[in-house]
Amino acid sequence: MRFAILGQTRAWRDDGAEVPLGGPARRALLALLLLRPGEVVPVDRLADEIGPPGGTSAHALHSQVSRLRATLGGGAAIERAGAGYRIVVAHDDDVDACRFERLTGQGRAALRDGDAGRAVPLLREALELWRGPALADLPESPTARAAAVRLEEQRLAALEDRIEGELCLGEHRAVVPELRELAGRHPLRERPAALLMRALFAEGGQAAALEVFEETRRHLAEELGADPSAELAALHLEVLSADPSPSPAAPPAQLTSFVGRAAEVTEVAGLLRVARLVTLIGPGGVGKTRLSVEVAGAAGDTVCFVELAALRDGAGLPRALLSALGLRENGLLGEGAGQQEPVDRLISALSDRVLLLVLDNCEHLVEEAATLAARLLAACPRLRVLATSREPLGVIGENLWQVRPLDGDAAVRLFTDRARAARRGFAADPEMVRRICAALDDLPLAIELAAARLRTLDIDDLAGRLDDRLGVAARGARTAAERHRTLRSVVAWSWDLLSEEEQRAARRFTVFAGGATAESALRVCGADGELLESLADKSLLEAAGGRYRMLETIRAYGAERLEAADEAEPVRRAHARRFLELARTADPHLRRAGQLEWLPILAAEDADLLAALRWAVEAREVETALRLLASSSNYLWLSGLSASAAPYATMLLDGALLDGPSDELGEEYVTCVLLAASDAAGHPVWQRHLARAGQALAAAWPGDRPGRYPVALLLWMMRNAVGGDMQGAFELVRAQLACPEPWARATARYVSAFGALGEGDAAAAEVHFHAAAEEFRSLGDRWGTALALDSLAGLAGTRGDRARAVELTDEALALTEQLGALEDSADLLVNRGDHLAGEDAAAARADYMRAAALARRAGSSTYLAAALRGLGDIALLEQDLAEAERLYVEALERLDPHWIKSLGDRVRTLAGLGRVAEAHGDRAAARERFREAGETAAVMGISTPAVLRLMGLPETVVKAVTRR
């Protein structure tokens, strides 16, 4: 007989029949006896704990024992022993709790021995024994409560052991949802937090892992007054110290087996070892993309896979590559890198990297793709490019590889493989299958579409229908154009077999540029999950990672059907509404603790946010376009994508908004002007709309009531710092000190600190910066907190408290790394180096060198210049005047003259060159350099000694610059 107490008390005979145990008292009695099979339980305890409050009588207990014996029969013996009773079972494993403890012990031992493959099945088997709370029939029993607590703790430990084993087996992504739920239910339990940090970090989620640590630390401090354990703190340091460089976009995950091209994979991979540009050419549906994915996997180097099908024109190609490389277009602390041309950033980022760049679906951008590939290959000697296209790129040095249809045997294997996925146990005459594949020109996509139909058609019916559709049973050699017609005919045939509802959903789905979640597809296409799964079953859609996507060949055909149905405009309008709704929902979370949760949600929709914006601008849907820009502006800034939206903002301002917007859209208009200015090409537009935008922002934020987009205030201040109305912007933002909107109030605190600095009141500035940091921190906004902490660190360094300056910079650095702001991490490393330089030159040099490496990886000339300036300072400190001068000159050449942060570094670099001249005894050259530094500081409006000291300039230089 088998017994269960991990849930309700139950019993089964050996034949599987359940034993009816009777009422609650009898089940409670059995549970108490089963807690320790074979051990005596005193009569007094049994009587006290199984009956109603106050206990049951000895006579009633004996009666329950007798009935229980009769119920169990020979399956187990209940014996009287001294002053109590005990139950005797054949094997301890007959009781689920005993079996659970044995299995978890064995699983934990296997895990300690490093045998996760053995540990995980044991632990899974143990956990499957649980059917609910342990000893559920004894809610009032003190003995049972203590035992239930012990068993629950063992269950949690076993669950953690199982997850740790799965992490050892590489199942990082699969366990993240379960770990999030577990950590949420047990916020004071450190092991789930540690496991979640490891799982997230293994999947490239360094920022998310750091956020888990911060949440755990906060819970421990608030509820227990305790710090994280040494183990969790060490893990935090490990994650924090890891290289925060972004991971390039990996090739798309493949959901089906790869058939018939193993030799080609080897040959193309070998060709790439000697040729730097290989283009896979062939007609649509022949398998170019799939072959490129397999080749990339066999190449051995880091791979960046760039899908170009969704791009409408070549202008967005460089930014598409930046995005695929994981690089931002702008930093959090200002435009900086965004002022470089995207191609220049790409060259900076790739100049010394070993990388295979896969450009997929180049045919509609062939000229632009060829130009960009040629320029990158010429400037980046360790880069290789694998392109797929229906025609050659036509670049010198290009090696072409013609991707041909599958050979006959491979085509049959592919058809059979996909047919078995559609119909279990599929078997057919190989000659029949070969005839079908030949009619399909052995094109992989056509074969997959046809095989998917075997879910509802038999093989003979399928062959007959294809013969009718294609008008031929078998073919000889075919040209690419003829194969394209074949594929189009098969797509049309497969489309025609869809129900009317499926056709409507499929053609509407074509408006999605980057695939869609089921929720988005429902909103835009009216397609529920069942309908989407049906389209995936028929190979019209692919499903992976909770998203659906459509192959470009099918998408092109479906887009034609959408136009023919006269639905394009209403569906695109619905698409724009969906993403406006998403952006509006996300916007407030991006200024609060939900930043790290919402940033990846929006990142998955980048292509569709921009597609919706493009449609609204081109269709002159001015209100929709402005609201989309405004609602997504904070996301675009935080994610470093503002320059991608700049052309659409410029187009809108130069078209429908030449005379400004309506009054109710004034604030949206301001965000449009700010986004246009985030790209160098938008500077003239910024100048034309500056005055009107300033008036609109002042009207939206009068100081006593909030507007809708508080981030516009800080961006307005940053933008006006150079080439704008700096004083007016300062007064507008400072007017929000009493604003009821907390983010705007924190921003006003932050900006007011610079006013105090300008007046020489460092103490007041510190009060403002500290208040801003606390207000941003209480909201959970990492961007604002990092800004304020960095400024506090500067003040601490100015007054000589270098330890505090480094501590504050470290905290700011952790926050920017959580946000994936590589450029800003480089900037903060430079700042930390500046704080360390006076006391620990070796540590400062290490920070400057790491900052330079990050800036190079990010392709940021501006931040690289700052790191070079710091290295120049160290060289000067060590009296290596020639090296110091070389580094300063190189830094000066790289600095962006249009960005306020660069102006600050320019002041320091010019001052450094002045000090080099002084050391050489060239006083005239030194005075000239100090004069230039002073003029640059005056342009910034920070020529006061207090602000120059905040920048870290030595006192002698401060005096020289202000004297000029």
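Cut-offs and rules
- Residues numbered from 1 in each chain as written.
- Predicted model: local features only at pLDDT ≥ 70, side-chain atom pairs only at ≥ 80, totals over all residues.
- Heavy atoms only, no water.
- Helix = DSSP H or I, 4+ residues; strand = E, 2+ residues; numbered from the N terminus.
- Buried < 20%, exposed > 50% of the residue type's maximum accessible area, 1.4 Å probe, protein only.
- Contact = heavy atoms within 4.5 Å.
- Areas by Shrake-Rupley, 256 points an atom, 1.4 Å probe, with all protein chains shown as cover.
- Lys, Arg positive; Asp, Glu negative; His and termini not counted.
- Charge placed at Lys NZ, Arg CZ, Asp CG, Glu CD.
- Core = buried A, V, L, I, M, F, W, Y, C linked by side-chain atoms within 4.5 Å.
- Pairing = 2+ DSSP bridges.
- pLDDT = per-residue confidence, 0-100.
- Phe/Tyr/Trp six-rings, centres within 6.5 Å; stacked < 30°, edge-to-face > 60°.
- Lys NZ or Arg CZ within 6 Å of the ring centre and 35° of its normal.
- Axes fitted to C-alpha atoms, helices over the stretch in contact; angles between N-to-C directions.
- Parallel < 35°, antiparallel > 145°, perpendicular 65-115°, else oblique.
- Left-handed = near helix turned anticlockwise from the far one by under 90°.
- Nonpolar A, V, L, I, M, F, W, Y, C, P; charged D, E, K, R; others polar.

Draft legend 1. Region of interest: the overall build of the chain. When helices and strands are tallied, the chain shows 45 helices and 13 strands. Residue burial in the chain is summarised as follows: out of 964 residues, 56% are buried. Looking at the chain alone, contacts between residues at least 24 apart form 70% of all its contacts between residues at least 6 apart. As displayed, the chain has an accessible area near 39,200 Å², and 50% of this comes from carbon and sulfur atoms. The centroid of the 113 positive side-chain charges in the chain is displaced by 1 Å from the centroid of its 140 negative side-chain charges.

Draft legend 2. Spatial organisation of the nonpolar core. Judged by nonpolar contacts, the single largest core of 202 residues is most densely connected at Phe-415, Trp-716 and Trp-783. By residue number, the principal contributor to this core is helix H40 (residues 861-877), which donates 10 residues. Not counting the four nearest positions on each side in its chain, Phe-415 is found in contact with Phe-426, Val-433, Ile-436, Cys-437, Ile-447, Ala-450, Ala-451, Leu-454, Ile-459 and Leu-462. Grouped together as the second largest cluster of nonpolar side chains are 74 residues, Leu-30, Leu-32, Leu-123 and Ala-158 included.

Draft legend 3. Spotlight on the sheet that holds strand E11 (residues 516-517). A sheet is described by the order of its strands in space; here three strands give the open sequence E11-E13-E12, paired in antiparallel fashion. In the strand order of this sheet, the two ends are held by E11 and strand E12 (542-544), each with one partner. Here E11 runs beside strand E13 (residues 547-549); their pairing, made up of two bridges, is antiparallel. In the sheet register, Thr-517 faces E13, and the bridge partner there is Arg-547.

Draft legend 4. Representation of the side chain of Gln-595. Relative to the helices and strands, Gln-595 resides in helix H26 (residues 595-603). The exposure class assigned to Gln-595 is buried, which follows from its relative accessible area of 0%. The residues contacting Gln-595, other than those within four sequence positions of it, are His-589, Leu-590, Leu-638, Gly-780, Asp-781, Arg-782, Trp-783 and Leu-819.

Draft legend 5. Representation of the confidence of the model for the chain within the structure. Per-residue confidence for the chain gives a mean pLDDT of 85; residues scoring 70 or more make up 91%. Taken element by element, the chain is modelled with least confidence in helix H44 (residues 945-950), mean pLDDT 57, and with most confidence in helix H25 (residues 568-586), mean pLDDT 95. Across residues 472-477, where pLDDT falls below 50, the model places 11 contacts with residues more than four positions away in sequence or in other chains.

Draft legend 6. Just the packing of aromatic side chains, in detail. Under the definition given, this model contains 12 aromatic pairs. Taking the ring centre of Tyr-557 as reference, the NZ or CZ of Arg-561 above it sits at 5.3 Å. Note that Arg-719 overlies the ring of Trp-686, its terminal NZ or CZ placed 5.8 Å from the centroid.

Draft legend 7. Spotlight on helix H17 (residues 430-439). Buried within H17 are the following residues: Met-432, Val-433, Ile-436, Cys-437, Ala-438 and Ala-439. Taken from the residues just after H17, Asp-441 is the one with a positive phi, measuring 60°.

Draft legend 8. Broad picture of the packing of helix H39 (residues 841-858) against H40. H40 packs onto H39 with a crossing angle of 155° between their chain directions and a minimal axis gap of 8 Å. On the basis of the axis angle, H39 is roughly antiparallel to H40. Like other packed secondary-structure pairs, H39 and H40 cross with a definite hand, here left-handed. Residues Ala-841, Ala-844, Arg-845, Tyr-848, Met-849, Ala-851, Ala-852, Ala-855 and Arg-856 of H39 pack against Tyr-863, Leu-864, Ala-867, Arg-869, Gly-870, Leu-871, Ile-874 and Leu-877 of H40. For the contact of H39 with H40, the class distribution of residues is 13 nonpolar, one polar and three charged.

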